Structures are given as C-alpha cells and as structure tokens.
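Per-entry structural report
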Amino acid sequence: MIEARWLFDVGRSASKWSSPQSIVHSLVEFRDTSVIAQLGLPDMRVPIAVALAHPDRLPLDVPRLDLAAVGRLDFETPDIKRFPCLELAYRALRGDEAAPRC
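Analysis parameters
- Residues numbered from 1 in each chain as written.
- Predicted model: local features only at pLDDT ≥ 70, side-chain atom pairs only at ≥ 80, totals over all residues.
- Heavy atoms only, no water.
- Helix = DSSP H or I, 4+ residues; strand = E, 2+ residues; numbered from the N terminus.
- Contact = heavy atoms within 4.5 Å.
- Areas by Shrake-Rupley, 256 points an atom, 1.4 Å probe, with all protein chains shown as cover.
- Buried < 20%, exposed > 50% of the residue type's maximum accessible area, 1.4 Å probe, protein only.
- Salt bridge = Lys/Arg side-chain N within 4 Å of Asp/Glu carboxyl O.
- Patch = residues over 30% accessible without salt bridge, like charges linked within 9 Å, V, L, I, M, F, W, Y side chains within 5 Å.
- Arc of directions from axis to C-beta.
- pLDDT = per-residue confidence, 0-100.

**What about the overall build of the protein?**
Broken down by element type, the protein carries four helices and two strands. Long-range pairs, those at least 24 residues apart, make up 46% of the contacts in the protein with a sequence separation of at least 6. For the protein, the accessible surface area stands at approximately 8500 Å², while carbon and sulfur atoms represent 56% of it.

What follows is the structure, encoded as structure tokens:
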C-alpha cells in the first residue's frame, strides 16, 4: 500500500485484495472499467531484474507461468490477523507524509 501510494498516488480508497496463488502482482482498472493485470510466478528475481534493468528487460532463467497448471485465480480481502504488517502500513499512511518514509 505504501508503494502504491507514493509511486502511483493511489489513495486509501483503492481496492485491496490478496490472491492465495501469489500469481497476480497488480491490477489496474481504467475509466472504461477494463482491467490490466501483471501476472507472474512468485519469484522475486523477476521484479528485482526489472528494477535493475529498467527500461530494458533481461532474459532470465526462471520457469514460465503456466496458467493452465495454475488452474484458477482466487481473490479475498486481506486478513489483517494473518498479515499484521498490512495494518502497520495503513496506520503509516494515515499519519503525516514522513510517517511511511521513516
């Protein structure tokens, strides 16, 4: 949530979901209600490589996403008890501008 706030100026009103499969990394809804998703395996090598090589993309030796093998994507409201740091992020965002940067 903190990243979305400062990188994309997304307010607290943004929808917050979690996906148990860890395949959906982001969703963006446009004015026409169409949605574009960033999908990938739960492997941090890819986002790290994207950040390091931006704006280029590096060839990586990681498995390809097989959506047929994944089978389905589920979404649920994040469970604050299961993810307690999420509540800390919400609290930081409710504070002044310096709170989430400390």
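**Looking at the side chain of S18**
Tracing the backbone through its elements, the reader meets S18 in the loop between helix 1 (2–8) and strand 1 (24–29). Ignoring anything within four residues of it in the chain, the contact list for S18 reads D74, F75, E76 and P78.

**Considering the environment of S18**
Of the residues examined, S18 reaches a relative accessible area of 17% and is grouped as buried. Separated by 58 residues in the primary sequence, S18 and E76 place their C-alpha atoms 5.4 Å from one another.

**Considering the pattern of salt bridges**
The final tally for this structure, using the stated rule, is two salt bridges. Salt-bridge contacts for D74 lead to R72; the nearest nitrogen and oxygen are separated by 3.0 Å.

**Regarding a nonpolar patch on the surface**
Side chains of W17, L27, V35, L39, L67, L73 and F75 sit close together on the surface and give an oily, nonpolar patch of about 630 Å² of accessible area. The residue F75 is located in the loop between helix 3 (67–70) and helix 4 (84–94) in this model.

**So, helix 4**
Given 3.6 residues to a turn, an α-helix orients residues that are three or four positions apart in the same direction. Taken together, the buried positions of helix 4 are A89, Y90, A92 and L93. Here the buried residues of helix 4 occupy an arc of 160 degrees about the axis, which is enough to place them on one side. Looking at the buried residues of helix 4, the elements they touch are helix 1.

**Some thoughts on unusual backbone geometry**
That bond from H54 to P55 is cis: its omega, 10 degrees, falls within 30 degrees of zero. If you trace the backbone, P55 turns up in the loop between helix 2 (45–53) and helix 3. The phi dihedral of S22 is positive, around 60 degrees, even though this residue is not glycine. In this structure, S22 sits in the loop between helix 1 and strand 1. One non-glycine residue with positive phi stands out, namely T33, at about 75 degrees. Within the secondary structure, T33 sits in the loop between strand 1 and strand 2 (35–39). Its relative accessible area of 55% is what places T33 among the exposed residues.

**Examining the confidence of the model for the protein**
Atomic detail in the predicted coordinates should be set aside for any region of low pLDDT. Taken residue by residue, the protein gives an average pLDDT of 85. The fraction at 70 or more is 88%. Mean pLDDT across the elements of the protein bottoms out in helix 1 (76) and peaks in helix 3 (95).

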